[in-house]
Amino acid sequence: MLGGSMPAEQAAQFDAIARLIEGARTVVVCAHTSPDGDALGSGLALAEIIERTWPGREVTSLLADDDVVPRTYEFLPGADGFVRACAYDGSPDLFVCVDLSQPGRLADARAVLERSAHVAVLDHHPGGEPSWDAGVVRTDAAAAGIIVAEFARHVGCELTPTMAQNLLCALMTDTGCFQYQNANGEAFCVASSLVEAGASPSEVSLHVYQSDRLAYIHLSATVMSRITTFEQGKIAYSYATSADFAATGVPVAECDGLVDLVRRVDGCEVALFLKEVPGGKVRGNLRAKSDRDISSIAREMGGGGHAAAAGFTVDGDIDEALAVVLPKLRALYARAKGTGTFAHSAES
Ligand code: 5GP
Ligand code: MN
C-alpha cells in the first residue's frame, strides 16, 4: 500500500529479503518463462534497486528461456544486459523470483534456482506453494511492479528514472493501460509516483502499443477474422497456427497481445486466444471481462494465473486444444444456469 501503512507481516518479509541480499555476494533476479512487460520491467527495476542499495553485489538479470527479449520490450532500460539462464553456470547466493512464485514456470532457470543458496519471491500470482526463504505475494496487487516499488520504498531506495520507467511498463502492461479489473486506486497511486520519478507513459505506450510490425498487423487481421463466439456471445475465441507464423514471419513470442483483440467483442465475458508454439504445443491465453474466474480452467489445463487473466500450455494442435478447452468454457455457463449439461446455443 504505497502511501499507507504496510501490514507487519509484509514488512517482516521485506526485512528478511533485505537481509538475504545483505548477506549475498551474487544475486540473480529472474521472472517467468515467456516474459511479459511486468516480468521484464519488474525484474530490471529490482536488479537496479539491489545494485544501488547494496553496492558490491554482483547482480545478474536472468531470462528463464533460451530466447531473446521480445522486440516490444527491448526499449526497457537495461534490457540489453539480460543473460539467458542456460548460459549462466554460477551457483548464486540468492535467487530472486519476480512476477513468479512457482518453480515450474522457470524453464531453464529452474536449474539455477536449484543451485542457489537462498530463494526470495516478489509476486502477485495466486496459487504458489510457499517454498522460499523470504517472500511477499500480494494477489491484490495489479502487477509485480507494485510490490517491487513497495520494496524500494521499504529499503529507502529512491527511484531513479530508469527504475521508474521499468516499473511503469510493468504496471501499464499488466493492467492493459489501466483498463482491466485490477486497475485499482493503488495502481494509479503508484503510477503517479513513478511519473513523478521520471517515467514516461507516452514512451511506454509508443514502444508497446504503437510500434507493431506491419506483418503483425496483418496477422492480427487474420486472427480477428477468425473470432468465433459461443453461449450467446459470452465466450469468444480465436487462434493462430504455425502456418500463420510461417506465412507472416511474425515470431510466436511477439503475439502476447492478440488475446486483447478477442476480448474486444461486445458482450463477450470470456476471451480465449490459442497459438501453436514450437515443440508441438499450443499456448492458451484466457481473459475474463466479467467477475467470472477463469483461472480454474487454466489450472485444469495445466496452467494458472489470475481470476481475470490466466494461461496454459498443452500438447497438440489448435483443434486438439479447442476440443479440450471449449467444453470447459461452455460448462462454466452451463454450471451457472444450473443445467449440469452443456448449454446448446447457436454459434456465430
Ligand atoms: P498470459 O495469458 O498473458 O500468458 O498470462 C496471464 C497471466 O496468467 C499472467 O499473470 C501469467 O503469469 C499467468 N500464467 C500464464 N500461463 C501460466 C501457466 O502456465 N501457469 C501459471 N501458473 N500461470 C500462468
Ligand atoms: Mn504480472
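Residues numbered from 1 in each chain as written. Chains lettered and ligands numbered in written order. Predicted model: local features only at pLDDT ≥ 70, side-chain atom pairs only at ≥ 80, totals over all residues. Heavy atoms only, no water.

Caption draft 1: Quick look at the sheet that holds strand 6 (residues 134-137). The 6 strands are arranged 3-2-1-4-5-6 in an open sheet whose pairing can be described as parallel. Each end of this open sheet is capped by a strand with a single partner; those strands are strand 3 (83-84) and strand 6. Here strand 2 (residues 58-63) pairs with strand 3 via 2 bridges, running parallel. What sits directly across from L63, in strand 3, is R84. The sheet contacts of helix 1 (residues 8-22) involve strand 4 (94-98), strand 5 (118-123) and strand 6, and relative to strand 6 the element is tilted by about 135 degrees. Against the sheet, helix 4 (residues 144-154) engages strand 4, strand 5 and strand 6, with an angle of about 115 degrees to strand 5. (Pairing = 2+ DSSP bridges. Helix = DSSP H or I, 4+ residues; strand = E, 2+ residues; numbered from the N terminus. Contact = heavy atoms within 4.5 Å. Axes fitted to C-alpha atoms, helices over the stretch in contact; angles between N-to-C directions.)

Caption draft 2: How the structure looks around the UniProt feature "domain: DDH" (unreviewed entry) in the protein. This chain's UniProt record puts "domain: DDH" (unreviewed entry) on residues 27-168. For residues 27-168, helix accounts for 30% and strand for 19%, while the C-alpha atoms at its two ends are 24 Å apart. (UniProt positions renumbered as here; feature names shortened; annotations may be inferred.)

Caption draft 3: Quick look at the coordination of the manganese ion (ligand 2). Looking at the manganese ion (ligand 2), the protein donor atoms are D38 (OD), D99 (OD), H124 (NE2) and D174 (OD), and they sit 2.1 to 2.3 Å from it. Counting residues between consecutive donors of the manganese ion (ligand 2) along the chain gives the motif D-x60-D-x24-H-x49-D. Here the residue D99 occupies a position in the loop between strand 4 and helix 3 (109-115), and D174 occupies one in helix 5 (residues 161-174), the gap between them amounting to 75 residues. For D99, a relative accessible area of 1% gives the class buried. (Donors = N, O, S within 2.8 Å, 3.2 Å for Na, K, Ca; no water. Buried < 20%, exposed > 50% of the residue type's maximum accessible area, 1.4 Å probe, protein only.)

Caption draft 4: Spatial organisation of the domain arrangement of the protein. Under the domain assignment, the protein is made up of domain 1 (8-208) and domain 2 (214-337). Taken over C-alpha atoms, the centre of domain 1 sits 27 Å from the centre of domain 2. Summed over both sides, the interface of domain 1 with domain 2 buries roughly 830 Å², with 42% coming from carbon and sulfur. Three residues, P126, Y180 and Q181, lead the burial of domain 1 against domain 2; their summed loss comes to 49% of the area buried on that side. (Domains from an automatic or database assignment. Buried area = accessible area lost by both parts, 1.4 Å probe.)

Caption draft 5: Region of interest: the site of ligand 1. Taken together, 15 residues surround ligand 1, and among them R105, H125, R283, N285 and R287 come closest. At 2.8 Å, a side-chain N or O of R105 approaches an oxygen atom of ligand 1. Here R287 contributes a side-chain N or O atom positioned 2.8 Å from an oxygen atom of ligand 1. When the free accessible area of ligand 1 is taken as 490 Å², the share hidden by the protein chains comes to 86%. Every element with two or more residues in the shell around ligand 1 is listed here: strand 10 (281-288), strand 11 (304-305) and strand 12 (309-315). (Near = heavy atom within 4 Å. Polar contact = N/O pair within 3.5 Å; in protein donor to acceptor, adjacent residues only side chain to side chain. Areas by Shrake-Rupley, 256 points an atom, 1.4 Å probe, with all protein chains shown as cover.)

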